[in-house]
Amino acid sequence: MSEHRRRSSNPGDGEQPAGDGADGQSPYAYGSPVEGAPRYGRDGRPVGGPDELRSEGIRRGARQTAQQPRLTRAEMRKQAQKKGGKGGDTGPAGRGDQAGGKPGKKRFIDYPRFGKSGFRRWLPSWKLVLTLFLIFFGGTVGAVGVAYQMTPIPKLNELVHDQNNIYYWADGSEMTRKGTTNRQIVELANISRPAQDAVIAAENESFRDDSGIDPKGIARAVYKMATGGETQGGSTITQQYVKNAYLSQDQTLSRKVKELFITLKINGQLSKDEILTGYLNTSWYGRSSTGIQAAAQAYYGVDAKDVNVCQGAMLAALLKGAAVYDPTLSDGNRKNMQERWSWILTRMVATGKLSQADSDKCGKTFPEPIERKAPANMNGEVYYLVDTANKYLASKDPQISQQKIDQGGYQIYTTFEKDKVEQLKKAVDDVQADSLKPDKREADKFVQVGAASVRPNDGAIVALYGGPGIENGHYSNNADSTGIPVGSTFKPFVLATAMQTGVISQTDDQGKPKRINASSKYLADDNSEIHKADGSPAIGDDGKPYHQRNDSRNNPGYVSLKTAMQYSYNVPFVQLGQDVGGKAVEDMVLKMGLRKESLRPSSTLTYPLGTSTPSSIRMASAYSVFAARGQQTDPYSVSKLVYNGKENPAFTKSAPKTVLDQAVADNVTDVLQNVAKAGTGTKTNQLGRPVAGKTGTTDAGTSAWWVGYTPQLTTAVGMWREEPGTSKLLSLNGTAGHESVHGGDFPTDIFTRYMKAALNGQPKEDFPTPEPIGEEVDSSGAPASPSASASASDSPSAAAPTDNQPGPSTSSSASTSPSASATDTDKPCFLGPLCPSPSATRPTGRPTGSKSPSSSPSSSGSASGAPVP
């Protein structure tokens, strides 16, 4: 062993390190030697033999001093790797992943990242991101390719699989079956060229040249589905043809993907003529017709090869939705159809498929479809019951379209009770047979009746009368018809609002609108001036103060609202409408179940007189809130729906909602009982049980109503005359030989006959005794306390008018002159000894616009009839 390896390397032992230079400088580059470390001379080259570089000194653990060489980080890392092996993370960035702090082998996926600290440790490297993207992209492409190859193209004659729908009565017995869609497949050569061109112009002008895919349309549809928006279909003819192939019509992402694959396949494998043939043979046109051949027969009685350009444009318009474009269903549909029909002709001219001259020829005369053929199993009221049920299905589940219903597969359990439907029809038929002679009187022609019966506190529609039957050429459902003003049957809603929310013309101790009761007195004189809630005169469009007319031309003076309802005076309720506020009344009737689209603007002065046009179904439902003591339930006609053996959970009746206090509903019922007992609805006394209700008649006698109820059942009956083929209402004056027709006539008679049969065998139930509510808030000038004159004016000895009210055109723009204000026609009094005395005058009281000196602010106040002081 060499000498230098045996000597101590510690200078503290008294030995000085040998120096090679003349200046005695240490030959070690960094000071004192470290055993096993190399020595360097002045020229920078190592000195000593090879033995100096051996590493035994390190293993023997020679003591190092403060003057030993300092290693760089790279040297330290290399030294650590020699000790612990390759890989691992032992630096400051983190301890080794293996036990004992020793680094492990480098992982295949370097995440968290090796040798990084802080957020960089968790930030993926670009290599990792790129690798993952390539894996995902490749997998997606592969999956799409497999799905594309596995998606079959269905054969044309296998695309339509129609089934029957089965409708059941409320007791579970079968009502009818509807289905057997009319379908005939024809070749393109048997479809007229004008019909083909019209469809292309309407649905997809670029059909002959496009790829069959509309990327923007698909992206839009997917976005709508993902965000819960309105669903949309394919925008090209190819996409719509594919959609027809999947009859479920589900608006789901998976169906959209299938649609895309089939579209791509079809566009690549089939010619444009083949695609157009499939589309025209699988599209739904309404009237239970699938395919253009069936549609041509159903609408025009011709084959598809004989359809001319005018007819072809009409059939093409139906592809957008026959339920809203079939011109024979409603006036609204006719308007929609004529607009779209004209647009299609314009597009055919623009695309060079039709000359302007030929388009002008079509434009002169709309190609009217032939009358629909009535299937025998839809005769009588069944057609209207099915129509009502189908509309309810579509309203409850947006995925259920009329097209899907026509394709069948549904079991529809309705709420209609067969015996009550038959009893209601018999009541209408009997009244018409007893009173109308259309072969002798012109005014007896075109008389229409719509009626509906609803169960209070439940909402079930148990019966309706929609018309004389499609076998008689009547397809409109009168029970669900809108456009017929309801007249004075609207007044109870105004009274209920005043009781529930109060009048804004008076406030209580908390500054809230004062809630009133039916004893509040309002001026009922004919031709009275109407004031706003602040006391200023209500002004018509002519700039003059508005005056309201009654049916009777008498001046009964100040009467209670109960008496005003009994005799259907107009003036008090127009004034009350101003005191309450039209918006408050509108909010109330919406809560009670009327639909916004059936309401006239609430800002009109005659809004309280029933210028709105709800259907019989909706009026019966709204009045059922009174019968149910303030509980509102949405009307429904389907109690259970089963599709292909699976029950749809959406079809459950809604829970009752409180919209009126019990006391308010009971007080309104008490007022309406008085109408039935001693007012304009006395025919209902023949029932022999408690009844409440209200008559309604419109200006010029264009409609007459009775809406009434018992605790068990609510029924609305409307009557009107309508010019065939239009929505124009004709006057009922002269009908059945009557000078004028009112709600207390035929509608009340129909109600009474039906209810007597429908409630036969059921116990007579009394209405609850109403609890006191609100305060007596009198219009200015009303007597502060009962007096002889007041009592006289508030008794049946006052005028007993009818309830004829202004029609839909009446509004705040009506003429404000006394002779032109909204008026009613006179009707002979039918109350016998209760008829008014010719000498009936307004009660003694202070002039309008001032208070009675004896009036107490706590019991009565000046309503809006008073001018601003």
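All figures in this text were calculated on a predicted structure; none of them were measured in a lab.

### Quick word on the nonpolar core
Proteins that are soluble and globular tend to have nonpolar side chains buried together. Core analysis: the largest hydrophobic core is formed by 116 residues, its most contacted members being Phe490, Phe493, Leu576, Phe626 and Leu660. Residues in contact with Phe490, not counting those within four places in the same chain, are Val585, Val589, Leu594, Leu599, Tyr607, Pro608, Gly610 and Ser612.

### A closer look at the pattern of salt bridges
This structure, assessed with the given rule, holds 30 salt bridges. Among the ionic pairs, Asp661 bridges to Arg515, the shortest N-O distance being 2.9 Å. On the criterion of sequence distance, the pair formed by Asp661 in the loop between strand 20 (657-658) and helix 23 (662-678) and Arg515 in the loop between strand 12 (513-514) and strand 13 (521-523) is long-range, its members being 146 residues apart. The class of Asp661 is partly exposed, set by a relative accessible area of 30%. Here Asp587 and Lys583 are joined by a salt bridge, their closest N and O atoms 2.7 Å apart. Of this pair, Asp587 and Lys583 are both found in helix 21 (residues 582-591), 4 residues apart, which corresponds to roughly one turn of the helix. One connected set of salt bridges, linked through shared partners, spans Asp387, Lys391 and Asp480.

### What about the sheet that holds strand 19 (residues 646-647)?
Ordered in space as 4-3-8-18-19, the 5 strands form an open sheet in which the pairing is mixed. With one partner strand each, in any of the chains shown, strand 4 (174-178) and strand 19 form the two edges of the open sheet. The strands that helix 15 (residues 382-396) touches are strand 3 (165-168), strand 4, strand 8 (410-414) and strand 18 (638-643); relative to strand 4, the one it contacts most, it runs at about 75°.

### Focus: the packing of aromatic side chains
Tallied over the full model, the rule gives 16 aromatic pairs. Among the aromatic residues, those joined into a cluster by ring pairs are Phe490, Phe493, Tyr607, Tyr623, Phe626, Tyr709 and Phe767. Lying across the ring of Trp122, Arg121 places its NZ or CZ 5.8 Å from the centre. Between Lys640 and the ring centre of Tyr413, over which it is positioned, the NZ or CZ distance is 4.5 Å.

### Things to note about the environment of Ser560
Looking at the secondary structure, you find Ser560 in strand 16 (residues 558-560). A relative accessible area of 6% means that Ser560 is categorised as buried. In this structure, the C-alpha to C-alpha distance between Ser560 and Ala524, residues 36 residues apart in sequence, is 9.2 Å.

### Looking at the pairing of strand 8
A large share of strand 8 lies buried, amounting to 4 of its 5 residues. The pairing of strand 3 with strand 8 spans 3 bridges and is classified as parallel. Paired with Ile166 across the two strands is Gln411, which belongs to strand 8. Bridge analysis of strand 8 against strand 18 gives 5 bridges, and the strand direction is antiparallel. Bridging from a neighbouring strand, Thr414 pairs with Val638 of strand 18.

### Description of the confidence of the model for the protein
Reading fine detail from the predicted coordinates is not recommended where pLDDT is low. Looking at the protein, pLDDT values average 79 and 72% of them are 70 or higher. Of the regions scoring below 50 in pLDDT, residues 24-32 engages in 20 contacts with residues more than four places distant in sequence or in other chains.

### Points about the packing of helix 17 (residues 418-435) against helix 24 (residues 746-758)
Viewed as axis vectors pointing N to C, helix 17 and helix 24 meet at an angle of 140°, and their least axial separation amounts to 9 Å. Classified by the angle their axes make, helix 17 and helix 24 are oblique. Pair helix 17 / helix 24 crosses with right-handed handedness. On helix 24, the residues that touch Lys420, Gln423, Leu424, Ala427, Val428, Asp430, Val431, Asp434 and Ser435 of helix 17 are Phe746, Asp749, Ile750, Arg753, Tyr754, Ala757 and Ala758. For the contact of helix 17 with helix 24, the residue count by class is 9 nonpolar, 2 polar and 5 charged.

### Thoughts on the packing of helix 5 (residues 193-203) against helix 9 (residues 272-282)
One can describe the packing of helix 5 onto helix 9 by two numbers: an axis separation of 12 Å at closest approach and a directional angle of 90°. The orientation of helix 5 with respect to helix 9, classified from their angle, is roughly perpendicular. Contacts from Gln196, Val199, Ile200 and Glu203 of helix 5 reach helix 9 at Leu276, Tyr279 and Leu280. A breakdown of the residues in the contact of helix 5 with helix 9 according to their chemical character gives 5 nonpolar, 1 polar and 1 charged.

### Focus: a nonpolar patch on the surface
On the surface, Trp126, Leu130, Phe133, Leu134, Phe137 and Val141 cluster together into a nonpolar patch covering about 670 Å² of accessible area. Within the fold, Leu134 resides in helix 4 (residues 126-150).

### Some details on helix 11 (residues 309-318)
In terms of residue burial, helix 11 counts as a mostly covered element, since 10 of its 10 residues are buried. When we look at burial in helix 11, the residues that qualify are Val309, Cys310, Gln311, Gly312, Ala313, Met314, Leu315, Ala316, Ala317 and Leu318. Contacts made by the buried residues of helix 11 are with helix 5, strand 6 (284-286), helix 10 (292-300), helix 12 (322-325), helix 13 (331-350) and helix 14 (356-364). Capping the start of helix 11 is the job of one residue whose side-chain oxygen sits 3.1 Å from the backbone nitrogen of Cys310: Asn308.

Cut-off values and rules
Residues numbered from 1 in each chain as written. Predicted model: local features only at pLDDT ≥ 70, side-chain atom pairs only at ≥ 80, totals over all residues. Heavy atoms only, no water. Core = buried A, V, L, I, M, F, W, Y, C linked by side-chain atoms within 4.5 Å. Buried < 20%, exposed > 50% of the residue type's maximum accessible area, 1.4 Å probe, protein only. Contact = heavy atoms within 4.5 Å. Salt bridge = Lys/Arg side-chain N within 4 Å of Asp/Glu carboxyl O. Helix = DSSP H or I, 4+ residues; strand = E, 2+ residues; numbered from the N terminus. Pairing = 2+ DSSP bridges. Axes fitted to C-alpha atoms, helices over the stretch in contact; angles between N-to-C directions. Phe/Tyr/Trp six-rings, centres within 6.5 Å; stacked < 30°, edge-to-face > 60°. Lys NZ or Arg CZ within 6 Å of the ring centre and 35° of its normal. pLDDT = per-residue confidence, 0-100. Parallel < 35°, antiparallel > 145°, perpendicular 65-115°, else oblique. Left-handed = near helix turned anticlockwise from the far one by under 90°. Nonpolar A, V, L, I, M, F, W, Y, C, P; charged D, E, K, R; others polar. Patch = residues over 30% accessible without salt bridge, like charges linked within 9 Å, V, L, I, M, F, W, Y side chains within 5 Å. Areas by Shrake-Rupley, 256 points an atom, 1.4 Å probe, with all protein chains shown as cover. Polar contact = N/O pair within 3.5 Å; in protein donor to acceptor, adjacent residues only side chain to side chain.

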